[in-house]
Amino acid sequence: MSCEASGNPPPKFRWTKDGEEFDPGSDPEMKVTKDSGSFAFYTLSNTMDTLKQYQGKYVCYASNELGTAMSNEAVLITDVPPSQQKEKKVTEKAEEGNSIVLKCNPPQSSMEPIIHWMDWKLLHIQLSERVVVGKDGSLYFAHLTTEDSRDDYTCNVQYLATRTILAKEPITLTVNPSNSVPRNRRPHMMRPTGAHSTYHTLRGQTLELECIVQGLPTPKLLWVRKDGELSESRTTKEMFDRRLRFTNISETDGGEYQCIAENSQGRAVHTYTVTVEAAPYWTKEPVSQLYAPGETVRLDCQADGIPTPTISWTINGIPLSEIDKDPRRRLTASGSLILEDVNFGDTAIYQCQASNKHGAILTNTNVYVIELSPQILTEDSNTYTFTEGQKALLECETFGSPKPKVLWEGGRMSSLLADYRMNQLTNGGLEISNVTRNDEGTYVCSVLNTTLSITAFLEVFNRTVILSPPQAQKVQPGNTAIFTCQALSDPRLGVPLIQWRKNDQKLFESHSDEKYTFEGEDLMVANVGLDDEGVYTCQVITKMDMAEASATLTLCDRPDPPSLLQISNPKHLSITLSWTPGDDHNSPVQAFVVEFEDQDSKEKGWEELTKVRGDVERATLPLWAYMSYRFRVIAINEEGKSDPSKPSQIHITPAQAPDSNPEDVRSESEDPGTLLITWQKMEQRQFGGPDFKYRVLWRRVVGSGPNWHMNYTTEPPFIVGDVGNFSAFDIKVQAVNEKGVGPEPDPVIGYSAEDVPLESPMDVGIVLIDSTTIKVTWAAINKETVRGHLLGYKIYLTRLGSRSHHRHRRSLESGSTTVVETGPNEERKVISELRPYSSYKLAVAVYNTKGEGPKSEPLPFDTNEGVPGRPMSLILDSPSETEITLHWTPPDEPNGILVGYLLQYQQIIESEDSPMQVETIDDPKVTQLTLRNLDRHSHYRFYLRGRTDTGDGEPITMRGATTLDGAPPVNISVSVGENSANVTWIAKKRHRSVDFQIQYFRKKEGSKGKKTEKVNSSQSSHQLQGLTPGTHYWLHFIYNNNTFYEVEIDTNGTEVTEVQPSFATQGWFIGVVSAIVLLLLILLILCFIKRSKGGKYSVKDKEDGPMDSEARPMKDETFGEYSDLEEKRTASQPSLCEESKLCSQDNLDFNGSSAVTTELNMDESLASQISRPSEGPEAYHGLQDSSLLNPTNVPSATNGMPNSVTILD
């Protein structure tokens, strides 16, 4: 046994055993080891006889000049190690279905054994709800099966403290098969026996309650607390729910608990009463401290336990009762020790001990009476950071005797302690509850009556809050659940960490199965299964605080189908159907739907009979007579409908007379002279019995008397003949079967078939209201001539044409007839939207459901003249800047005789319109008018109306302005390519289009190479083609012989450079080389001879041939210069002849020359004519017609000259 203590000077140790002084150093069987601050002793022998004498209670004391401290009591117990006992081999026999217990009987020991039931191969016996191990170590079988037979049931007893395992003798178990099916048995308690047990335990210990039951089938076990809720945090279920284990049990766990065993045969219940007591434990311990002489010392010592512990004090290990009484020393009722006016002699170690029947605890407290000058131990200028709502603690630890008194100042308040949230602690610290941003600032802690002080800085951050916490999720299996956690934190704390937990266990993002995915504020749980249920917590963590919110994930699904359908309380036409609900899969059942199937009409399938609430498990069902029923039930929750239950047994209702008659009895007579009686056919389930049919009854309403005519039929309709047209009858239909007739039906009125009306309305008249509206009147028709239900009147209105004096037009117009229908009780009708100044005829007819009668005599009438329609078209034309000519076409609908037109127009001004000006045209044949002296800068709005004697018609409206004189375009831009340039511009609005010219020439050639193209301003763009790549051009834009815009451009690409003549292209060099080759090669000599005779590329021929003056070079050319041009053609421009149709084998010479020079060879007169287009319009137009730049006017090539040259530039 060892004892350690610290002190200055180093303490000395002594021991007591069972309250008596004990000196281990004087015992020869003991060895003692001493060290600075420790003392230990141990025995040299470990035999039981030697050890027994040392059993007892030991206390260690450590002392120096400041006092004596003592330890808690240590108890030494010796025990004989468990050993293997000699046993007999056990054989057990039992019948299949019975229960049995295989005893283990471990050796008695103070050590708790661990039991393992194994076979001879050292494999564990398979445990289950049927086969369990009890706390006593025995193996319990709830019921036996033949597979339980074996001869190697071995109980192995393990002691962890001694590291030993004792193997008991194997047990043989033989299970005899039953001759019949094993009989089911209700549950029965095997352990414990009886109905009630009591357990006493101590606070903080572990307790196990056990219920082992027998029965067939194997019972299920449920643990409940009768007087409260079962603690989920401190209780677990083990051994297949046969044990309820309490960990760190507390006083609140005391109460009554029940284990309920249940199977299909019944239930068994055992009740446990758990009483929790407690060994003493501290609730408040005295604090060691320095005191100054004259102070009052209060040592508070409080403990709790069951039973309530007793408090006692010792000083330096000596009980107060053995120390002289001192009036300065007294005990309070609560157990506190008070020392008044202490002096240096009161320096000691005071022990407080709390004890009850379950044990004792002891604590040492140092009281040191001394005088020391005050000091502040806390560092100066500390910064304390907290978040809103936390409890802030600013430290100001002092040292000195007497204990220094401190004062806190600062912050934003004049007096800190005036705020109830501010609390100055006894250790000198300042505590601020529920700290806010307003509390930020500098605080000063100073020691009273000294110059000592320190400064503390308080910084308060915004509290982290969760704005949108995760919501509880109910998810079907296989779907994805998404939890969202949106939080707000102080930006000074940086980006917070969002940590997700499931059932308080950290979650990590999945990479293999993608079960958990974190996306910002979202947690996604994929493919939700049963293992994913639980509480999911979002923790938003910053450097200063943490906020969290939780939500549950519940796996829900459609309910399982109800089962065990039972039919009870069968009455004449009703039964009670009950059922057992299936699992609702965490989504409560909202309703049950009861369906039925008629076994005689299975083609109709299952039909809904009734629906009841989800908390109802039975329903009374009304039934129809003479039917064969089967029932089934469907459960419905938020996730959907369950599968239908299994159908019930068949239930047949007896036959009876019909309890209802057919509905909607009516007549639908169509053929004259007949009465057709029909009704809504009854469903077969309403027949009520065999031999079902309908009894049809009828009689005339007038003149027939009370006698009913009767007949039978099996289905509607029923026809009665020879009854006249549209006669009223009382009719009724009654259901009849073998058991009797249905209830007496009420008669309804029906009519025989209608016929078309005989007469037309009389006294038809017309009143003209205005040019488009009339009122038609007539006399009411005689109802007897209608021969049916009067539905109303039809007015036939036919337009014959216009009343225009051109009478021949009326015959050309096709008459259009409009039919207006009225109600049966109307005798007048107002008809509108007629055409004015038109001729009409009108007739009226009466109609019923069979058709309409003859029309009345046609009544002609004419409508009055009206105002004309709007002119058909209006076109504006502007012959000058101040004139507009209006062209229009007359109205398509003059609605009378057109007498002229009215023109109104006004100038449009931004702020408001100008006064309206009026022009009256009295000649209806005029269709145009010119307005003069208009403002060229303004827009106008025009209104043109036709006129008749009745008035002015609707106007046709047009907005317009005069057209200004032409002007050259503006905003000219040029985009350049290699061989072309696109010129675009914006034509001026309202201006007439004009022609202008674009002149362009290469800068290095000057104006002699000018080319001109004529363009119209309405085009908006023009392309200049045939430009040379990599060349600088001047562009001049000319209108009326004046340049209004000019620009310089550079074409894209690389400029083609003329190849200068070299000696390699000279004729003499070619001749020398040719001579040498001709002398060496006979073949070439023959070819040379042939070429001299017939070659067409002879230089001589070309020089002698006639040449046009325009193609003649400006200076005499030598043979060498000509050859140079030919060489340039072949070397520099290989593609021109491939692309141009003008090149051929016969004109390669001169085309090549023209292509290489890329300029026209013209005489001075022609060149000057082209280069001076500004001499007048005549020159310009002449150029357009006759210039060689116009490809259409270039004459055909002569003498080998090209027939077009513009394509080359």
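Throughout what follows, the structure given in this document is the object of discussion. None of the values given here were measured: they were computed from a predicted structure.

A word on the nonpolar core. Membership of the largest hydrophobic core comes to 21 residues, with the highest contact counts inside it found for Trp-117, Leu-139, Phe-141 and Tyr-153. Listing elements by their share of this core, those giving two or more residues are β10 (100-102), β11 (114-118), β12 (131-133), β13 (139-141), β14 (150-159) and β16 (171-176). When residues no more than four places from it in sequence are discounted, the contact partners of Leu-139 are Ile-100, Val-101, Leu-102, Trp-117, Ile-125, Leu-127, Val-131, Val-132, Val-133 and Tyr-153.

Within this structure, the stated rule accounts for 47 salt bridges. Note that Asp-18 and Lys-17 form a salt bridge whose closest N and O atoms lie 3.6 Å from each other. By relative accessible area, Lys-17 is classed as buried at 17%. With a shortest N-O distance of 2.8 Å, Arg-150 and Asp-152 are connected by a salt bridge. Of the residues examined, Arg-150 reaches a relative accessible area of 32% and is grouped as partly exposed. Connected via shared salt-bridge partners are Asp-136, Arg-191, Glu-210 and Arg-243.

Let us now look at the state of the cysteines. The full count for this structure, using the stated rule, is six disulfides. The partner cysteine of Cys-104 in its disulfide is Cys-155, sulfur to sulfur 1.9 Å. Here Cys-104 and Cys-155 share a disulfide; its torsion about the S-S bond, -60°, makes the bridge left-handed. Here Cys-104 is found in the loop between β10 and β11, whereas its partner Cys-155 is found in strand β14, with 51 residues between them in sequence. Pair check on accessibility: Cys-104 and Cys-155 agree, each one buried. The disulfide that involves Cys-211 links it to Cys-259, with 1.8 Å between the sulfurs. Measuring handedness by torsion sign, the sulfur bridge of Cys-211 and Cys-259 sits at about -70° and is left-handed. Taken together, the residues Cys-211 in the loop between β19 (207-210) and β20 (212-216) and Cys-259 in strand β24 (residues 255-263) connect sequence positions 48 residues apart. A relative accessible area of 0% places Cys-259 in the buried class. Cysteine pairing for the protein chain, with bonded cysteines counted in sequence order: 1-2, 3-4, 5-6, 7-8, 9-10, 11-12.

Calculation notes
- Residues numbered from 1 in each chain as written.
- Predicted model: local features only at pLDDT ≥ 70, side-chain atom pairs only at ≥ 80, totals over all residues.
- Heavy atoms only, no water.
- Core = buried A, V, L, I, M, F, W, Y, C linked by side-chain atoms within 4.5 Å.
- Buried < 20%, exposed > 50% of the residue type's maximum accessible area, 1.4 Å probe, protein only.
- Helix = DSSP H or I, 4+ residues; strand = E, 2+ residues; numbered from the N terminus.
- Contact = heavy atoms within 4.5 Å.
- Salt bridge = Lys/Arg side-chain N within 4 Å of Asp/Glu carboxyl O.
- Disulfide = S-S within 2.5 Å.

All quantities given are derived from atomic positions and should not be read as evidence of function.
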